[in-house]
Amino acid sequence: MTKKSVPELLSRRAMLRSAVSLGAVALAAPALAQDAFNDLIGSSRRGNWDDQFDANSSRSAVGVVSNNPVLGPEAPTYMQQAIMQYQQIVSNGGWPEVPASQQRMQIGVSDPSVQALRQRLMISGDLPREAGISSAFDSYVDGALKRFQARHGLPADGVIGEYTLKALNVSAQLRMAQLQTNLIRIQTMAGDLGQRHVMVNIPAASIEAVENNRVVLRNTAVVGRASRPTHIINSKIYEIILNPYWTAPRSIVEKDIVPLMQKDPTYLERNNIRLLDGRGQEVSPQTVDWFAPKAPNLMFRQDPGKNNAMSSTKINFHNPNNEYMHDTPQQGLFNKLMRFESSGCVRVQNVRDLTTWMLRDTPGWSRQEIERVIASRVNTPIKLSTEIPVYFVYITAWSAKDGVVQFRDDIYGNDGNAELALNTTNTQEQPSGSIGEDLLPRN
C-alpha cells in the first residue's frame, strides 16, 4: 500500500488524547476513513485475504478494559469529546447497515456482507482503515469485532450473533443521542464522590471500586430485571455481614416455599431453613399443616453456609428499598449475557475481593481473617470504621480517559428510544413476589 501521511496514521486513542487541546483532531479519523474507502475498495494490490495474521488486532478487545472510572470530575469532558466525534460521523453520513448472512459470520468466512462490516467497524474506529475492504473475515476483522463487542458489553467472541448484529445496526445518529442523554447523567455525578467509593452501573451490570480516581477492582454483577429494577441511589456502605442469615419474605413463603413443602416435605431441612416463632423458638416443620388455607405465621430463616441464598457475604448500605449487595451460590449467573434477573438486589462476583478492599481500614479484618470467619460458618456482622460512599447509577454510554466510547443495552428503557433496548432480556423468567424472591434456594 502507498505510504500514508503521519496524520492519517494517528490512532483513534492518540487523536482523543490530542483532542484535549485540539478538539478538531479528534474528528479526523472518521473523515479520513470515509475519504479512503473508494481507493481501498478499488486497490488492485489487495488480495482476498490479508498477507499476515495481525496479532495486535486479534487482541484489541483487551484494550477496552482499563482502570479509568466511568464517573469523576473529568468525565463530562471525555463525554463531550465523544459527542464531537459522533457528530462528525453523523455529518459524514453515518455507517452502513450490516446485512444478516446465511452462514455463521466469524474468522475464516468469506461473504459479501463483510465489506459492509469492515466499513462499519472502520467508521466507529474499531478497525484500522489500512486493513482494507474485502469480503474476507480475517484476523483484522476478528480483532475489530471483538473490540466492538467489548465496547458494547457483549461476549467478545468474534462471532456476529443476534445481539451483536443488533448493536452494529444501531445508527450513528441514535448513538450520538444516547451519548448526549448520558452526558446529563454524568454531569450530575461530576462532583467529589469520595477518595474511596463504589459505583454500581446498572445497565453494565458492573461494579467499580474506585480509589484516587482509579478503578482498583471491577466486579461483574447481576442486577434487577426490568419489571423489578434496581433503584438509583447515593448512599453509604456501613456494614458487611459474613455468613449471613437469609430470611424469606412473606410473599416467597406463600407463593413458593409452601407449595414446595406440599410437594417435598424435606425441602426446608435440605436447604437448612429453620422455622422460628415470635419468641425465637424453633418449630418443627412436621408440626405444621402445609395444606392449611394460610401459610404459617412463622419466620423462615436459612442458616449460614454454602447453600445460603446469599452465600458468604451480605453488604448493607442505607436505602429505603431493602436492597443490598451479596454473594450467591449460583456463580454460573455471572457468565450469562443477560445479567438482569434479580428482584432489585445486586449479586457480586468475586465478592471477597471487594469485601477485603472495603474492610482495609477496619482493624482486624485482613483477607486471611475474612476467609477464616467464612470457613467457620458463624454469622458475623462487621461495622466499617469509615462508611464508604456507594452510587447506583444508570449510565448506558460513556467515554473515560482512555477515549474508548462504550455503550450498553438500555435495559429499563430510560433512554427514550426502543432501538437502544436490544431486547437482551427477552428470555427472562416472569417475576413474582417481592424483593429477595430471586434468592429462593432451589435445592
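The paragraphs below set out a description of the structure included in this document. (Residues numbered from 1 in each chain as written. Predicted model: local features only at pLDDT ≥ 70, side-chain atom pairs only at ≥ 80, totals over all residues. Heavy atoms only, no water.)

## Comments concerning the nonpolar core
One finds Val-198, Ile-207, Ile-237, Met-325, Val-346 and Met-358 to be the most contacted residues of the largest nonpolar core, which totals 33 residues. Here the element with the most residues in this core is strand β13 (residues 380-393); it accounts for 5 residues. Contact partners of Val-346, with chain neighbours within four places excluded, come to Val-200, Ile-207, Ala-221, Val-222, Val-223, Thr-230, Tyr-324, Met-325, His-326 and Phe-392. Ranked by size, the runner-up nonpolar core spans 26 residues in total, among them Leu-71, Ile-89, Ile-123 and Val-393. (Core = buried A, V, L, I, M, F, W, Y, C linked by side-chain atoms within 4.5 Å. Buried < 20%, exposed > 50% of the residue type's maximum accessible area, 1.4 Å probe, protein only. Helix = DSSP H or I, 4+ residues; strand = E, 2+ residues; numbered from the N terminus. Contact = heavy atoms within 4.5 Å.)

## Describing the packing of helix α6 (residues 113-123) against helix α7 (residues 139-151)
Running from amino to carboxyl end, α6 crosses α7 at an angle of 55°, the nearest separation of the two axes being 11 Å. Taken together, α6 and α7 sit at an angle that is classed as oblique. The way α6 lies across α7 gives a crossing that is left-handed. Along the contact surface, α6 presents Val-114, Leu-117, Arg-118, Arg-120 and Leu-121, while α7 presents Val-141, Ala-144, Leu-145 and Phe-148. Residue classes in the contact of α6 with α7 are distributed as 7 nonpolar, no polar and 2 charged. (Axes fitted to C-alpha atoms, helices over the stretch in contact; angles between N-to-C directions. Parallel < 35°, antiparallel > 145°, perpendicular 65-115°, else oblique. Left-handed = near helix turned anticlockwise from the far one by under 90°. Nonpolar A, V, L, I, M, F, W, Y, C, P; charged D, E, K, R; others polar.)

## Quick look at helix α12 (residues 351-358)
Within the span of α12, buried status applies to Val-351, Leu-354, Thr-355, Trp-357 and Met-358. Relative to the axis of α12, the buried residues are bounded by an arc of 160° and lie together on one face. (Arc of directions from axis to C-beta.)

## What to know about unusual backbone geometry
The phi dihedral of Asn-212 is positive, around 50°, even though this residue is not glycine. One can find Asn-212 in the loop between β2 (206-211) and β3 (214-224). When its relative accessible area of 51% is taken as the criterion, Asn-212 is described as exposed.

## Some words on the pairing of β3
Both β2 and β3 contribute to a ladder of 6 bridges, which runs antiparallel. For Glu-211, the partnering residue across the bridge sits in β3 and is Arg-214. Bridge analysis of β3 against strand β12 (residues 346-348) gives 2 bridges, and the strand direction is antiparallel. Along β12, the bridge assignment pairs Val-222 with Arg-347. (Pairing = 2+ DSSP bridges.)

## A closer look at the sheet that holds strand β5 (residues 246-247)
Taken in spatial order, the 4 strands line up as β5-β8-β6-β7 in an open sheet, and their pairing is antiparallel. Unpaired on one side and paired on the other, β5 and β7 (282-283) mark the two borders of the sheet. By the bridge criterion, 2 bridges tie β5 to strand β8 (residues 299-302) in an arrangement that is antiparallel. Its bridge partner lying in β8, Thr-247 is registered against Arg-301.

## Structural notes on α7
The first and last C-alpha atoms of α7 sit 18 Å apart over 13 residues, in line with the 18 Å expected at 1.5 Å per residue. Taking burial as the measure, the 13 residues of α7 include 12 buried ones, the bulk of the element. Among the residues of α7, Ser-139, Tyr-140, Val-141, Asp-142, Gly-143, Ala-144, Leu-145, Arg-147, Phe-148, Gln-149, Ala-150 and Arg-151 are the ones counted as buried. In the stretch just after α7, Gly-153 is the one whose phi turns positive, near 70°. (Expected span 1.5 Å × (residues − 1).)

## Re the pattern of salt bridges
Under the defined criterion, the tally for this structure stands at 21 salt bridges. Glu-371 serves as the salt-bridge partner of Arg-352, at 2.6 Å between the closest nitrogen and oxygen. One end of the pair, Arg-352, is in helix α12; the other, Glu-371, is in helix α13 (residues 367-376), with 19 residues separating them in the sequence. By relative accessible area, which is 25% here, Glu-371 ends up partly exposed. (Salt bridge = Lys/Arg side-chain N within 4 Å of Asp/Glu carboxyl O.)

## Focus: the packing of α12 against α13
Between α12 and α13, whose axes approach to 10 Å, the crossing angle comes to 125°. As the angle between them shows, α12 and α13 are arranged oblique. At the point where α12 passes α13, the crossing takes the right-handed sense. Counted together, Arg-352, Asp-353, Thr-355 and Thr-356 of α12 and Arg-367, Ile-370, Glu-371 and Ile-374 of α13 form the full contact between these two elements. The residue makeup of the contact of α12 with α13, split by class, is 2 nonpolar, 2 polar and 4 charged.

## Some points on the side chain of Arg-185
With respect to the element layout, Arg-185 can be found in helix α9 (residues 172-187). Of note is the side chain of Arg-185, whose polar atom sits 3.2 Å from the backbone oxygen of Asn-414. Beyond its immediate stretch of four places on either side in the chain, Arg-185 contacts Tyr-394, Ile-395, Thr-396, Asn-414 and Asp-415. (Polar contact = N/O pair within 3.5 Å; in protein donor to acceptor, adjacent residues only side chain to side chain.)

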